[in-house]
Amino acid sequence: MTSMFQSFWAGALRPFFQRPPALQVAALCHRHGKDGVEVLLVTSSSGRWILPKGWPIDGLSAAEAAKQEAWEEGGIKKGTTEETAIGSFLAEKHFDSGAVIPCETRVYAIDTAKVVADYPEADRRDRIWVSPAKAATMVTEPGLQDILTGFIAD
C-alpha cells in the first residue's frame, strides 16, 4: 500500500502542490563589432558571467523591464527592444539566505545603440562584449547556452 501511495504522490499529488517557477527577465544586448555580432555579459554577485537580468517591474512590460536591467547592470543607455522574448530557460535562483527557487528567465533581444561607462551598478559588475558562441562557453545555464548558440542578430 505504501508504494502505491508513493507512486500517487510522485505522479499526481506532488506536482499539484509545487509552485510554478518564478519569472525573471533578461536582456540579450547585441551590437555589431569589428569582428561581427557581439553580445553583452555582466558578472553576477557571485562572479559568474550572466545576461543582465532581474524581476518583472510593476508598470513595465517584460521587455521594458529587461531594458531597465540592461541599463542598471550593463550601462545600455539606448537600444531597440522587441516585445516578444526570443526564448526562455529554466535555472535556479540562489539567495544570500541560502534559499533556492526555480526560475524561468525570459530573454529579450536589445539592439544596442549607446553604451555608457557611468551606470547604476558599474562599481559592482564587470562587463564584456563577446561573440554569441564565446558567450555560450562562458555562461553556466544550459538553456542560456542554447539561446546564445542559436542567436542571430537582425
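My aim in this report is to walk through the structure given alongside it, one point at a time. Residue indices follow the written sequence of each chain, beginning from 1 at its first position. A pLDDT threshold of at least 70 governs which residues receive local features in this predicted model, and a stricter bar of 80 or more applies before side-chain atom pairs are shown or counted, although totals over entire chains, interfaces and linings include all residues. Only hydrogens and water are set aside; all other atoms, that is, all heavy atoms of the structure, feed into the side-chain values.

### Here's the deal with the overall build of the protein
Okay, so step 1: Secondary structure elements follow DSSP: runs of H or I no shorter than four residues count as helices, runs of E no shorter than two count as strands, and numbering proceeds from the N terminus. Per the secondary structure count, the protein includes four helices and eight strands.
Okay, so step 2: The helix and strand sequence of the protein, counted from the amino end, reads α-β-β-β-β-α-β-β-β-β-α-α.
Okay, so step 3: Contacts in the protein between residues far apart in sequence, at least 24 positions, make up 66% of those at least 6 positions apart.
Okay, so step 4: The Shrake-Rupley method, run with a 1.4 Å probe, gives the accessible areas here. Residue values count only the displayed protein chains as cover. Carbon and sulfur atoms make up 53% of the accessible area of the protein, which totals about 9,300 Å². Should any heavy atoms of two residues lie within 4.5 Å, those residues are considered in contact.

### Structural notes on the pattern of salt bridges
Okay, so step 1: Salt bridge criterion: a side-chain nitrogen from Lys or Arg within 4 Å of a carboxyl oxygen from Asp or Glu. According to the stated counting rule, one finds six salt bridges in the structure shown.
Okay, so step 2: The salt bridge involving E141 is made with R48; its shortest N-O contact spans 3.1 Å. A residue pair is termed long-range when its members are at least 10 positions apart, and E141 in the loop between α3 (132-138) and α4 (142-149) and R48 in the loop between β2 (36-43) and β3 (49-50) qualify at 93 residues.
Okay, so step 3: Burial here depends on accessible area, computed with a 1.4 Å probe over protein chains only, as a share of the maximum for the residue type. Under 20% is buried, over 50% is exposed, and the range in between is partly exposed. On the basis of relative accessible area, R48 is assigned to the partly exposed category, the value being 32%.

### Remarks on the packing of aromatic side chains
Here the distance between the centres and the angle between the planes together describe a pair of aromatic rings.
Okay, so step 1: When the centres of two rings from Phe, Tyr and Trp lie within 6.5 Å, Trp using its six-membered ring, the rings pair. Their planes under 30 degrees apart give stacked, over 60 give edge-to-face, and anything left gives tilted. Counted according to the given criterion, the structure contains one aromatic pair.
Okay, so step 2: A cation over a ring is seen here: R31 above W129, with NZ or CZ 4.0 Å from the ring centre.
Okay, so step 3: Of note, K93 hangs over the ring of F95, and the distance from its end group to the ring centre comes to 5.8 Å. The rule is short: NZ of Lys or CZ of Arg within 6 Å of the ring centre and within 35 degrees of the ring normal puts a charge over the ring.

### Quick look at α4
Okay, so step 1: Buried within α4 we find L144, I147 and L148. Axial view of α4: buried residues confined to an arc of 95 degrees, hence all on one face. Away from its buried face, by an angle of more than 90 degrees, α4 presents the exposed residues P142, D146 and T149. Directions pointing from the helix axis toward each C-beta atom define the arc.

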